[in-house]
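Observations on the three-dimensional arrangement
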Amino acid sequence: MTDPAPPTRARIPRHIAIIMDGNGRWAQKRRRPRLIGHRAGARAVNTCIDFCLERGVRALTLFAFSSENWDRPQDEVGGLMKLFAGALEREVDELDRRGVRVRFIGERSRFAAGIRDRMAQAEARTAHNDRLDLAVAVSYGGRWDIVQAARTLAADVAAGRIEVDAIDEARFGAHVALADLPPPDLFIRTGGELRISNFLLWQLAYTELWFTDLLWPDVDAATLQAALDDYARRERRFGLTGAQVGGNSEMSE
Ligand code: FPP
């Protein structure tokens, strides 16, 4: 992961990270099974990808399944797995056509071999694309991400490849997920909860946060544009003063 962008008044975010919350409630409001909500959520994912392509957002990270989601009722977990497998099968050609490079972040070993194979195929198939980097966080947790980085570095120290003192923020950050992308400029959470819920804990250090009560399947281009408009009005200071970054505010972040 590269350093934060130079302090500046924000424009189009380079990278958006989203917690797509509210699928279950969307279905319950219609007295339908929760999985119908997840299916509607998958349609909103497509809307969101199109929006990013149109606006020139270069990276999009979606929280599709957390480390904790495995503990949901087994029929919901099974249904979500079928939905992911079906979406991978159906959407990969279209994603490739639209110039989207797909990757999955998270603990892949917990998935069945068939789904792991499809993830690897989708990544290989779209690896040459460069219009939009799409990262789908599955079986992902921010604490897991930090722990796996710590383990890699501990192994390097134990093997004598690096000194303990050589571990700094840059070296640590190079081992968390999405290290090759700029950190998210904008975080969006739908569904009304005001939490980060173990999403990209390391990567969100200076990210602008935006919340909406809308449920994820109800999100459309106008919702996403409202988030971008709000983002464009924010002054990002990265710990400096408003005067230092050329704004009016003297308050430090
Ligand atoms: C949170 O809503 C959403 C999920 C756990 C699943 C997200 C999955 C999708 C949007 C579908 C497909 C995604 C891809 C990338 C193909 P919730 O169930 O926690 O909603 P609730 O808070 O209303 O119960």
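Residues numbered from 1 in each chain as written. Predicted model: local features only at pLDDT ≥ 70, side-chain atom pairs only at ≥ 80, totals over all residues. Heavy atoms only, no water.

What follows is about the side chain of His 15. In this fold, His 15 is placed in strand E1 (residues 15–19). Among the polar contacts made by the side chain of His 15, one reaches the side chain of Thr 61 at a distance of 2.8 Å. Dropping the residues within four chain positions of it, His 15 is found in contact with Ala 59, Leu 60, Thr 61, Leu 178, Leu 181, Pro 182, Pro 183, Pro 184, Asp 185 and Leu 186. (Helix = DSSP H or I, 4+ residues; strand = E, 2+ residues; numbered from the N terminus. Polar contact = N/O pair within 3.5 Å; in protein donor to acceptor, adjacent residues only side chain to side chain. Contact = heavy atoms within 4.5 Å.)

Moving on, we get to unusual backbone geometry. Here Leu 178, not a glycine, exhibits a phi torsion of approximately 70 degrees, which is positive. Turning to its location among the elements, Leu 178 is positioned in the loop between helix H6 (169–173) and strand E5 (186–189). Here Leu 178 falls in the buried class, since its relative accessible area comes to 5%. Even without a glycine there, the phi angle at Ser 197 is positive, about 50 degrees. You can see Ser 197 is positioned in the loop between E5 and strand E6 (208–211). Accessibility expressed as a relative area gives 32% for Ser 197, which makes it partly exposed. (Buried < 20%, exposed > 50% of the residue type's maximum accessible area, 1.4 Å probe, protein only.)

Taken together, the neighbourhood of the ligand is formed by 18 residues, with Asp 21, Gly 24, Arg 25, Arg 34 and Arg 72 sitting nearest. In the model, an oxygen atom of the ligand is placed 2.7 Å from a nitrogen or oxygen of the Arg 25 main chain. At 2.9 Å, a side-chain N or O of Arg 34 approaches an oxygen atom of the ligand. Burial of the ligand by the protein chains amounts to 89% of its free accessible area of 630 Å². Comparing atom positions with the cavity grids shows the ligand to sit within the largest pocket. Looking at the shell around the ligand, the element that brings in the most residues is helix H2 (residues 34–55), giving 4 residues. When the residues that make up the shell around the ligand are grouped by side-chain class, the tally is 8 nonpolar, 6 polar and 4 charged. (Near = heavy atom within 4 Å. Areas by Shrake-Rupley, 256 points an atom, 1.4 Å probe, with all protein chains shown as cover. 1 Å grid on protein atoms, 1.4 Å probe; cavity = no way out; pocket = protein on both sides within 12 Å on 5 of 7 lines; lining within 4 Å. Sits in = over half its atoms within 2 Å of the grid points. Nonpolar A, V, L, I, M, F, W, Y, C, P; charged D, E, K, R; others polar.)

Interhelical geometry of H2 versus helix H3 (residues 74–97) gives an angle of 30 degrees and a closest axis separation of 10 Å. Relative to H3, the element H2 lies roughly parallel. Seen along the crossing, H2 lies across H3 with a hand that is right-handed. Together, Arg 34, Leu 35, His 38, Arg 39, Asn 46 and Ile 49 of H2 and Asp 75, Glu 76, Gly 79, Leu 80, Leu 83, Glu 91 and Leu 95 of H3 make up the contact between the two elements. The residue inventory of the contact of H2 with H3, partitioned by class, reads 5 nonpolar, 3 polar and 5 charged. (Axes fitted to C-alpha atoms, helices over the stretch in contact; angles between N-to-C directions. Parallel < 35°, antiparallel > 145°, perpendicular 65-115°, else oblique. Left-handed = near helix turned anticlockwise from the far one by under 90°.)

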